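Summary of structural features
Below, each chain spelled out in residue letters.
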Amino acid sequence: MHNKVLRDFEYIFETSWEVCNMVGGIYTVVSTKYLQAKQQTTGKYICLGPDLWRSKTPNPLFTEDDKLFFKWKKQLLNDKGIRVRCGHWNIPGNPVVILIDFTTLIEQKNHIFGELWSGFGLDSLFGSWEYIESALFGYAAGMVVESFSQF
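Residues numbered from 1 in each chain as written. Predicted model: local features only at pLDDT ≥ 70, side-chain atom pairs only at ≥ 80, totals over all residues. Heavy atoms only, no water.

**As for helix 4 (residues 70-80)**
Taken as a whole, helix 4 has its buried residues at W72, K73 and L76. Projected down its long axis, helix 4 shows its buried positions confined to an angular sector of 100°, all on one face. Opposite the buried face of helix 4, by more than 90 degrees, sit the exposed residues K71 and N78. For helix 4, the secondary structure elements touched by its buried residues are strand 4 (83-89), strand 5 (96-101) and helix 6 (129-150). After helix 4 finishes, the residue G81 shows a positive phi value of roughly 70°. (Buried < 20%, exposed > 50% of the residue type's maximum accessible area, 1.4 Å probe, protein only. Helix = DSSP H or I, 4+ residues; strand = E, 2+ residues; numbered from the N terminus. Arc of directions from axis to C-beta. Contact = heavy atoms within 4.5 Å.)

In structure tokens:
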């Protein structure tokens, strides 16, 4: 039954701080399961990660494809102010990747965390920068999936 559920989706989004960002053990988990996940699904498997390199220097784990999702990227930037880079993760199978520049949300962090507190009780009052940064990435990832799905 589990495989049947996966096959019913047109897109599956794998979201992790360690997509194209080798930090620790989770990188190994996320990067090695793509081939198996691809075999078990009929939909398109898209990995979402933070764009920590932001084009300053080339990310050796990522190959950008400017044409991939070109129209959607423009719409996302215009509608939500979120900049993304699309391409492929340089691992076996070369999955499609959307790297998200969530830094535009930093100016809105108090408003965003206010919404998350009101709606879900998410307490960010004493969160360090690591907490704030990863939470804003998660929030931006939700915006990206929503925009992509509606497009």
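Structure's up, so let's keep going.
**Digging into the nonpolar core**
Of all hydrophobic cores here, the largest spans 25 residues; its most connected members are W72, I82, V84, I98, I100 and V144. Of all the elements in the fold, those that place two or more residues in this core are strand 2 (44-50), helix 4, strand 4, strand 5, helix 5 (109-120) and helix 6. Among the elements that line this core, the one with the most residues is helix 6, at nine residues. Among residues more than four places away in sequence, those in contact with W72 are V84, C86, I98, V144, S147, F148 and F151. Counting residues in hydrophobic clusters, the runner-up holds 15 residues, among them Y27, A37, W89 and V97. (Core = buried A, V, L, I, M, F, W, Y, C linked by side-chain atoms within 4.5 Å.)

**Regarding the sheet that holds strand 2**
Strand order across the open sheet formed by five strands is 1-2-5-4-3, with mixed pairing between neighbours. Both outer strands of the open sheet, strand 1 (11-15) and strand 3 (62-64), are each paired with one neighbouring strand and no more. Neighbour to neighbour, the strand axes of the sheet diverge by 35° on average, direction disregarded. Here five bridges tie strand 2 to strand 5, and the two strands are oriented parallel to one another. When the sheet's bridge partners are listed, G49 is paired in strand 5 with L99. (Pairing = 2+ DSSP bridges. Axes fitted to C-alpha atoms, helices over the stretch in contact; angles between N-to-C directions.)

**Points about the packing of helix 5 against helix 6**
A pair of packed helices is captured by two measures, namely the crossing angle of their axes and the spacing between those axes. The interhelical angle for the contact between helix 5 and helix 6, taken along N-to-C directions, is 75°, at an axis separation of 11 Å. Between helix 5 and helix 6, the angle is such that the two are roughly perpendicular. Here K109, I112, F113, E115 and L116 of helix 5 come into contact with helix 6, specifically with Y131, I132, A135, L136 and Y139. (Parallel < 35°, antiparallel > 145°, perpendicular 65-115°, else oblique.)

**Focus: the layout of surface pockets**
The calculated volume of the largest pocket comes to roughly 170 Å³. If you trace the largest pocket, you find 11 residues lining it, with F113, G114, D123, S124 and L125 closest to the centre. Per-element accounting of the lining of the largest pocket gives the leading share, five residues, to helix 5. Considered class by class, the residues forming the lining of the largest pocket number five nonpolar, four polar and two charged. (1 Å grid on protein atoms, 1.4 Å probe; cavity = no way out; pocket = protein on both sides within 12 Å on 5 of 7 lines; lining within 4 Å. Points joined across faces, edges and corners; volume = space filled by probe spheres on them. Nonpolar A, V, L, I, M, F, W, Y, C, P; charged D, E, K, R; others polar.)

**Remarks on helix 2 (residues 25-32)**
All of the buried residues along helix 2 are Y27, V30 and S31. Down the axis, helix 2 shows its buried residues gathered within 95° of arc, on one side only. The exposed set on the far side of helix 2, more than 90 degrees from its buried face, consists of G25 and T32. Those residues of helix 2 hidden inside the fold are in contact with strand 1, helix 3 (34-40) and strand 4.

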